[in-house]
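Topology and contacts: notes
Take a look at the letters that make up each chain.
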Amino acid sequence: MSVQAPVTTQQRPPSGDRATGLRAAVRRRPLLWFFALTFALSWAAWTPYILSENGLGVWHFTFPGGRAGSQLTGVLPGAYLGPIASALLVTGLTEGRAGLRLWRARMLRFKVSWRWYLVVLVSVPAALTLASAALAGRGPALPSAAILAAYLPGLLIQMITTGLAEEPGWREFAMPRMQARYGPLTATLVVGVLWGCWHLPLFLTQWGGGPHVAWTVPVQFVAMTIAFSCVMTWVFNRSGESMPLVMLLHTGVNNFLSLAWSDMFPSLHDSDAARATLIAATAAALVLLAATRGRLGLPKR
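Now for a description of the structure that goes with this document.

Within the structure shown, the criterion is met by one cavity of 30 Å³ or more. As for the largest cavity, its lining consists of Val120, Leu121, Val124, Pro125, Tyr151, Leu155, Leu248 and Gly252. Counting only elements with at least two residues in the lining of the largest cavity, the list comes to α5 (114-136), α6 (145-182) and α9 (243-264). Sorting elements by how many residues they give to the lining of the largest cavity places α5 first, with four residues. Among the residues making up the lining of the largest cavity, the classes are represented as seven nonpolar, one polar and no charged.

Okay, structure coming up:
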């Protein structure tokens, strides 16, 4: 058996050994590396947007396109660079091609019962409509024909932007590993907190209300991501880890709020949309936690 000579100040390991050392470190703590890279890469990419006139106003530049357009150029690059890029990098380093093939298989798992797609497509707007109607004290108005025509195309766009940017990391990479180590409930709570906190710098921008937003707004948002993560975990587990279905669930909320909500509830404000989402997510989470006794659809092994 060969023995490697000790490394001294006169002798350094070749670059291949250093790479192997990094890979070994990532293999020992893949989740830690994923979360650290996700935060570091996204927050670094969001810094120009936060410092611009769309945020703190330190950098005298405004991202073009108004509130919606500026988010595509200011927010979306950081969203792509964080969860999905970190998941691919850590998977490749720790599991190689086999891990990447499994990652791709989950991403392309469209073959689930049509009832699942129907449940997600109907239950998301239904739950948000009920919660919003409770806040408004009256029923919803019917959305316009233009809103109805744009709903499905908007959902497809959201799948490519928000869904593809976030869920391949938080749900596809983190949840199976977290559940195997800590169980479904603890894994869901941890991922829910980190998922919510990952968004926090954006509350200094137009995305989240600007630098003078009340501290209760991001706190409420993190509470919502924790509750909504319970629903996401249940769908992920019960659908056989179908990522298209999980992405559809996530983007269904965004699409309804950005397209139909203001037409249906003109008397409510943006802050009411956040409260309605929190109410709907919390109610659904409590029902699922009680019905599954905290298992959230994960089979007992």
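Read on, since the account is not over.
The next point concerns the packing of helix α8 (residues 216-238) against helix α10 (residues 270-292). Direction vectors running N to C along α8 and α10 enclose 40°, while the axes themselves pass 8 Å from each other. Here α8 lies oblique to α10, going by the angle between them. Judged by the twist between their axes, the crossing of α8 over α10 is left-handed. Facing α8, whose interface residues are Gln220, Ala223, Met224, Ala227, Phe228, Cys230, Val231 and Trp234, α10 presents Ser271, Ala274, Arg275, Thr277, Leu278, Ala281, Thr282, Ala284, Ala285, Leu288, Leu289 and Thr292. The residue makeup of the contact of α8 with α10, split by class, is 14 nonpolar, five polar and one charged.

Moving on: the pattern of salt bridges. Scanning the model with the defined rule gives five salt bridges in all. Between arginine 275 and aspartate 272 there is a salt bridge, with its nearest N and O atoms 2.5 Å apart. Of this pair, arginine 275 and aspartate 272 both sit in helix α10, separated by three residues, roughly a single helical turn. Connected through salt bridges with shared partners, the residues Arg106, Glu172 and Glu241 form a single ionic network.

Looking now at the packing of aromatic side chains. If you walk through the whole model with that rule in mind, you get 18 aromatic pairs. When the centroid spacing of 5.8 Å and the interplanar angle of 65° are considered together, the rings of tryptophan 170 and tryptophan 198 count as edge-to-face. One end of the pair, tryptophan 170, is in helix α6; the other, tryptophan 198, is in helix α7 (residues 184-198), with 28 residues separating them in the sequence. The class of tryptophan 170 is buried, set by a relative accessible area of 0%. Note that arginine 171 overlies the ring of tryptophan 195, its terminal NZ or CZ placed 4.4 Å from the centroid. The positively charged end of arginine 177 is found above the aromatic ring belonging to phenylalanine 173, 3.9 Å away from the centroid.

Further remarks concern unusual backbone geometry. Of note in this structure, glutamate 241 is not a glycine but carries a positive phi near 65°. Structurally, the position occupied by glutamate 241 is in the loop between α8 and α9. Residues other than glycine seldom take positive phi values, yet leucine 296 does so here, at roughly 50°. Within the secondary structure, leucine 296 is located in the segment after α10.

Mapping glutamate 172 onto the fold places it in helix α6. Taking relative accessible area as the criterion, glutamate 172 reaches 1% and is therefore assigned buried. Once residues within four sequence positions are removed from consideration, glutamate 172 is found in contact with Leu102, Trp103, Arg106, Met107, Glu167, Arg177 and Met243.

Once that is clear, we can look at helix α4 (residues 76-107). For α4, which comprises 32 residues, the first-to-last C-alpha distance of 20 Å sits more than 12% below the rise-based estimate of 46 Å (1.5 Å per residue). The largest bend along α4 reaches roughly 130° and is located at glutamate 95.

Next up on the list: helix α3 (residues 66-74). Listed as buried for α3 are Gly69, Ser70 and Gly74. The arc that holds every buried residue of α3, seen down its axis, measures 125°, which confines them to one face. Seen from the buried face of α3, the exposed residues on the opposite side, beyond 90 degrees, are Ala68 and Leu72. Taken together, the buried residues of α3 touch α2 (30-51) and α4.

Definitions and cut-offs
- Residues numbered from 1 in each chain as written.
- Predicted model: local features only at pLDDT ≥ 70, side-chain atom pairs only at ≥ 80, totals over all residues.
- Heavy atoms only, no water.
- 1 Å grid on protein atoms, 1.4 Å probe; cavity = no way out; pocket = protein on both sides within 12 Å on 5 of 7 lines; lining within 4 Å.
- Points joined across faces, edges and corners; volume = space filled by probe spheres on them.
- Helix = DSSP H or I, 4+ residues; strand = E, 2+ residues; numbered from the N terminus.
- Nonpolar A, V, L, I, M, F, W, Y, C, P; charged D, E, K, R; others polar.
- Axes fitted to C-alpha atoms, helices over the stretch in contact; angles between N-to-C directions.
- Parallel < 35°, antiparallel > 145°, perpendicular 65-115°, else oblique.
- Left-handed = near helix turned anticlockwise from the far one by under 90°.
- Contact = heavy atoms within 4.5 Å.
- Salt bridge = Lys/Arg side-chain N within 4 Å of Asp/Glu carboxyl O.
- Phe/Tyr/Trp six-rings, centres within 6.5 Å; stacked < 30°, edge-to-face > 60°.
- Buried < 20%, exposed > 50% of the residue type's maximum accessible area, 1.4 Å probe, protein only.
- Lys NZ or Arg CZ within 6 Å of the ring centre and 35° of its normal.
- Expected span 1.5 Å × (residues − 1).
- Bend = angle between axes of the 7 residues up to and from the residue.
- Arc of directions from axis to C-beta.

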